[in-house]
Amino acid sequence: MFDNVNKEKAQYERGIKLGLFMTLGAFVSFIPLSLAIGPLAFFIIVFPFFGGAIYANKNSQKIKEISVEFKKKYVEEELLKAIPESKYKPYDGFKENEVVYSNLLFESDRYYSEDLISGEIDGVSFRSSDVKQEEVRGSGKDRKVVTVFQGRFYEFDFHKPFKYELLVLQPMSFRPFSGFEKVKTESIDFNNELKIYSNNPLEAFYILTPDFMEKLRYFDNKYHDKIGYSFKNNKLFIAIDDRKDYFDIKAFKNVDDNLIASYKDEFDDMKAFVKVLNLNSTLFK
């Protein structure tokens, strides 16, 4: 089923290896060449050094193109089986101001979003996409690019807008906002696992019933303490910082039924958010 994809991908993987070998070889050769022939060494190694990097990157982009074509066919095919009349757009995603609006993520130096899925589950409209944010830290030789978020971002509609905002976050992930207060519940287990912030603590308990809190803990355990929630206006936003790229084909990793299974798992997770959290319940109408 995937033989042609793997065969074509292998061709470009060989190109990546060759390009990296050229670059590494030039780098390793530079010092001994410099000692032997002086400044002329730079002109000898500069072309294979940069040429190898460019060649490796070109082949990486080819694998990206294969990935997009693969996703157009198989992601959409599996998506429609799981969630009829939903839509998949591999090149689209959330705009950064949309995820920043949730207060789960913050503006970053570099922002990427793709693999947008939208539709309706049991009467609840939703959108989800991959999101990646990077910050450039330091300068000069100390300059480095750090990934601050990479994972899946979700937006679900509620049937009723909330007057106040509520954030349920991992213990170390909150940066203070003006007007927010920390809220404690009667559940010691919940307070130890997740932290609550609201601009109206009394309103928070309209949402955070004991049963609902247990369901939030269920997903917190499922995603290994990588999940955050934001209730704002008539939306529930969910961000999962698991450092995964959900749908892409990866270089040097065989394409098989496990990849298709991962697509199905993601769609089941979206349905689980609606079902387990009772987002279609009259509680929110």
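Residues numbered from 1 in each chain as written. Predicted model: local features only at pLDDT ≥ 70, side-chain atom pairs only at ≥ 80, totals over all residues. Heavy atoms only, no water.

### Quick notes on the side chain of Asp115
Thought 1: Relative to the elements of secondary structure, Asp115 occurs in strand 2 (residues 110-121).
Thought 2: On the basis of relative accessibility, which here comes to 0%, the residue Asp115 falls in the buried class.
Thought 3: Apart from the residues within four sequence positions on either side, Asp115 is in contact with Lys71, Tyr88, Lys89, Pro90, Asp92, Ser128, Ser129, Asp130, Arg152, Phe247 and Asp248. (Helix = DSSP H or I, 4+ residues; strand = E, 2+ residues; numbered from the N terminus. Buried < 20%, exposed > 50% of the residue type's maximum accessible area, 1.4 Å probe, protein only. Contact = heavy atoms within 4.5 Å.)

### A short note on the confidence of the model for the chain
Thought 1: For the chain, mean pLDDT is 89; residues scoring 70 or higher make up 96% of the total.
Thought 2: Per-element averaging of pLDDT across the chain places helix 5 (residues 201-207) at the bottom with 82 and helix 3 (residues 96-101) at the top with 96. (pLDDT = per-residue confidence, 0-100.)

### Concerning helix 1 (residues 3-37)
Thought 1: With 35 residues, helix 1 should cover 51 Å at 1.5 Å per step; its first-to-last C-alpha distance of 49 Å lies within 8% of that length.
Thought 2: Along helix 1, the sharpest kink reaches roughly 40 degrees, centred on Phe30 and followed within four residues by the proline Pro32.
Thought 3: Buried within helix 1 are the following residues: Val5, Asn6, Lys9, Tyr12, Glu13, Gly15, Ile16, Gly19, Thr23 and Ala26.
Thought 4: The inward-facing, buried residues of helix 1 contact helix 2 (40-82).
Thought 5: Backbone geometry just downstream of helix 1 places Gly38 in the positive-phi region, at approximately 75 degrees. (Expected span 1.5 Å × (residues − 1). Bend = angle between axes of the 7 residues up to and from the residue.)

### Comments concerning the packing of helix 6 (residues 210-222) against helix 7 (residues 257-276)
Thought 1: Where helix 6 contacts helix 7, the axes come no closer than 10 Å and their chain directions differ by 160 degrees. If you check the angle between helix 6 and helix 7, you find them roughly antiparallel. Helix 6 and helix 7 meet at a crossing whose hand is right-handed. Between helix 6, through Lys215, Tyr218, Phe219 and Lys222, and helix 7, the contact on the second element is made entirely by Asp269, Ala272, Phe273 and Val276.
Thought 2: Per-class residue counts for the contact of helix 6 with helix 7 are five nonpolar, no polar and three charged. (Axes fitted to C-alpha atoms, helices over the stretch in contact; angles between N-to-C directions. Parallel < 35°, antiparallel > 145°, perpendicular 65-115°, else oblique. Left-handed = near helix turned anticlockwise from the far one by under 90°. Nonpolar A, V, L, I, M, F, W, Y, C, P; charged D, E, K, R; others polar.)

### Let's talk about helix 2
Thought 1: Along its 43 residues, helix 2 runs 62 Å from first to last C-alpha, staying within 8% of the 63 Å computed at 1.5 Å per residue.
Thought 2: In the structure, helix 2 departs most strongly from a straight axis at Lys71, where the bend amounts to approximately 35 degrees.

### Thoughts on a nonpolar patch on the surface
Thought 1: Together, Phe30, Ile31, Leu35, Ile37, Leu40, Phe42, Phe43 and Ile44 make up an exposed nonpolar region whose accessible area comes to about 820 Å².
Thought 2: Residue classification places Leu40 among the partly exposed positions, given a relative accessible area of 48%. (Patch = residues over 30% accessible without salt bridge, like charges linked within 9 Å, V, L, I, M, F, W, Y side chains within 5 Å. Areas by Shrake-Rupley, 256 points an atom, 1.4 Å probe, with all protein chains shown as cover. Salt bridge = Lys/Arg side-chain N within 4 Å of Asp/Glu carboxyl O.)

### A short note on the nonpolar core
Thought 1: Counting 54 residues, the largest nonpolar core has Phe70, Phe156, Phe231 and Phe273 as its most contacted members.
Thought 2: Counting residues per element, this core draws most heavily on helix 7, which supplies eight residues.
Thought 3: Setting aside anything within four residues of it in sequence, one finds Phe231 in contact with Phe158, Phe162, Tyr164, Glu165, Leu166, Val168, Ile207, Phe212 and Leu236.
Thought 4: Judged by nonpolar contacts, the second largest core, of 14 residues, contains Phe94, Val131, Phe149 and Leu167. (Core = buried A, V, L, I, M, F, W, Y, C linked by side-chain atoms within 4.5 Å.)

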